[in-house]
Structure formats: C-alpha cells, structure tokens
Amino acid sequence: MDLDAVNSMSYEQFLDIFGNIIEKCPIITAAVWSRRPFSSFGEVEDGVHEFIESLPISVEFLEENSHKICTKKQGKEGILRCHPDLAGRELTSGTLTMESQEEQRGAGLTSLTSQERERLTLLNTQYKEKFGFPFVICAKMADKDKIMRELSARLQNDPSVELLIGIDEVKKICHLRIQDILRKGSLLPTKL
Ligand SMILES: NC(=O)N[C@H]1NC(=O)NC1=O
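Because the structure is a prediction, the values reported are computed rather than measured.

Peer 1: Is there a simple way to explain the overall build of the protein in this structure?
Peer 2: Within the protein one finds 10 helices and two strands. In the protein, the succession of helices and strands from N to C terminus is α-α-α-α-β-β-α-α-α-α-α-α. For the protein, the spread of C-alpha atoms along the three principal axes comes to 55 × 55 × 25 Å. In the protein, which comprises 192 residues, the proportion classed as buried is 41%. Here the protein displays about 10500 Å² of accessible surface, and carbon together with sulfur accounts for 52% of that area. Placing the 25 positive and 30 negative side-chain charges of the protein at their respective mean positions leaves the two points 3 Å apart.

Peer 1: Looking at this model, I keep getting lost on the packing of aromatic side chains. Mind explaining?
Peer 2: For the structure shown, the criterion picks out seven aromatic pairs. A centroid spacing of 4.5 Å and a plane angle of 50 degrees characterise the contact between Tyr 127 and Phe 131, whose relative ring orientation is tilted. Of the two residues, Tyr 127 and Phe 131 both sit in helix α8 (residues 114-131), four residues apart, roughly one turn of that helix. Judged on exposure class, the residue Tyr 127 and its partner Phe 131 are both buried.

Peer 1: Got a minute to help me understand the side chain of Arg 154 in this structure?
Peer 2: Secondary-structure assignment places Arg 154 in helix α9 (residues 144-154). We classify Arg 154 as buried; its relative accessible area is 4%. Polar side-chain contacts of Arg 154 include one of 3.0 Å to the backbone oxygen of Val 136. Looking at Arg 154, its side chain comes within polar contact range of the side chain of Glu 162, at 2.5 Å. Apart from the residues within four sequence positions on either side, Arg 154 is in contact with Tyr 127, Phe 131, Phe 135, Val 136, Ile 137, Glu 162, Ile 165, Gly 166 and Glu 169.

Peer 1: Is there a simple way to think about the site of the ligand in this case?
Peer 2: Close contacts around the ligand come from Pro 84, Leu 86, Ser 100, Glu 103, Phe 135, Val 136, Ile 137, Cys 138, Ala 139, Ile 173 and Arg 177, and that covers them all. One nitrogen or oxygen atom from the main chain of Ile 137 is found 2.8 Å from a nitrogen atom belonging to the ligand. Ala 139 is positioned such that a nitrogen or oxygen atom in its backbone is 2.8 Å from an oxygen atom of the ligand. For the ligand, whose unbound accessible area comes to 290 Å², protein coverage reaches 100%. Contributions of two or more residues to the shell around the ligand are made by α7 (98-106) and α10 (159-184). By residue class, the composition of the shell around the ligand is eight nonpolar, one polar and two charged.

Here is what the cut-offs are and how they apply
Residues numbered from 1 in each chain as written. Predicted model: local features only at pLDDT ≥ 70, side-chain atom pairs only at ≥ 80, totals over all residues. Heavy atoms only, no water. Helix = DSSP H or I, 4+ residues; strand = E, 2+ residues; numbered from the N terminus. Buried < 20%, exposed > 50% of the residue type's maximum accessible area, 1.4 Å probe, protein only. Areas by Shrake-Rupley, 256 points an atom, 1.4 Å probe, with all protein chains shown as cover. Lys, Arg positive; Asp, Glu negative; His and termini not counted. Charge placed at Lys NZ, Arg CZ, Asp CG, Glu CD. Phe/Tyr/Trp six-rings, centres within 6.5 Å; stacked < 30°, edge-to-face > 60°. Polar contact = N/O pair within 3.5 Å; in protein donor to acceptor, adjacent residues only side chain to side chain. Contact = heavy atoms within 4.5 Å. Near = heavy atom within 4 Å. Nonpolar A, V, L, I, M, F, W, Y, C, P; charged D, E, K, R; others polar.

Structure below.
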C-alpha cells in the first residue's frame, strides 16, 4: 500500500486506519479525509494540525452593565480531555485504546511499583484540579521517571502555557502514530 492507496480509500477505510491518530478524536481524521489527494503523508499530519489550530483557546471578556463576564472557548482543551490519564483507571481496567496501551506499556507504566502508581495518581489528580484537563505527554518519547519529573514541573505552569504544551504533545503522539501505521502497513513515506 502506498500514497495512491491512501488517496483512493473511502472515508470509512481511512477512518478504520487513521481514526485514532488523535486519541478518541476520529472527527479530526474524518475532516482531514476531505483534503485528498495527499501529495505526501506529511499532508495528512498538516491537515490534523490545521484542524487543531482552528479550534479556539482564548478567554474572552464581555462587558455587560460595566461588569466583565468571562466566556471561555474550550476547543483545544476538549482534545486534551479525550486523553486517558497515564497509569490511570483505564489502564487498570483494560479499556485503553490499543495505541495508548502500547505507548503506556513502552514507557514502563504497566510495571510501576505501588508507590510509583500512588505518586502518579496524586500528581495526575493535582494537575486535573488545577487545569481542568489531564496531563498529556508523548509517552513514546519518555519513560516513567521523565513522566514523573515533567508532571511535577508542569504543575507549576500557567494554564495558558500548559494548554499549548499539552497540544504540542498531542501532535508528537499523532506523528508517531502515523509513522507506526506506515511502518506496520509497509506504507513507507517518501517525505514526511
Ligand atoms: N495522558 C496522556 O499523556 N496520554 C497519552 N500519552 C501517550 O503517549 N498516549 C496516551 O494515551
């Protein structure tokens, strides 16, 4: 299978293969299909990035009777909220997506000591209480020690900064998931 094969896929086939390149957000893949024909696999990724970037993040202040009313626009946060906690409930209950299961296993999160699991759970809870979305990091580019360190450090960030870091991590996860699909399906990219 090559780029021509991908370009000739129905949207159902495209979704079957690329539907989870952004965790539990097949709507993004479904939208990107409209951009065919792709002239490189990088264009699939560009389509994903553009979709994500088009989602709002800003906090708007409206004036009403001289009172400021804050209306949050939460598109990008929604993408982060589709991600499971690292070493969280879904890992324990076996309900992670195949991709996430593999990524978390690779980072050593399936073989934590009970002390490590407790610490990670505590940090994840503190993070979600502060930011309102889960801590997201590209697990394939980390190991359990790096994940703990980053989680502690990122807890200190400002919410607006943390949102951007989280979205950057989502893009890294997406890149590696596409690479994985290409490798497993012998879809070798000519330029990515
Ligand atoms: N919370 C979080 O970072 N989740 C993820 N990271 C990753 O690499 N795969 C995930 O599911």
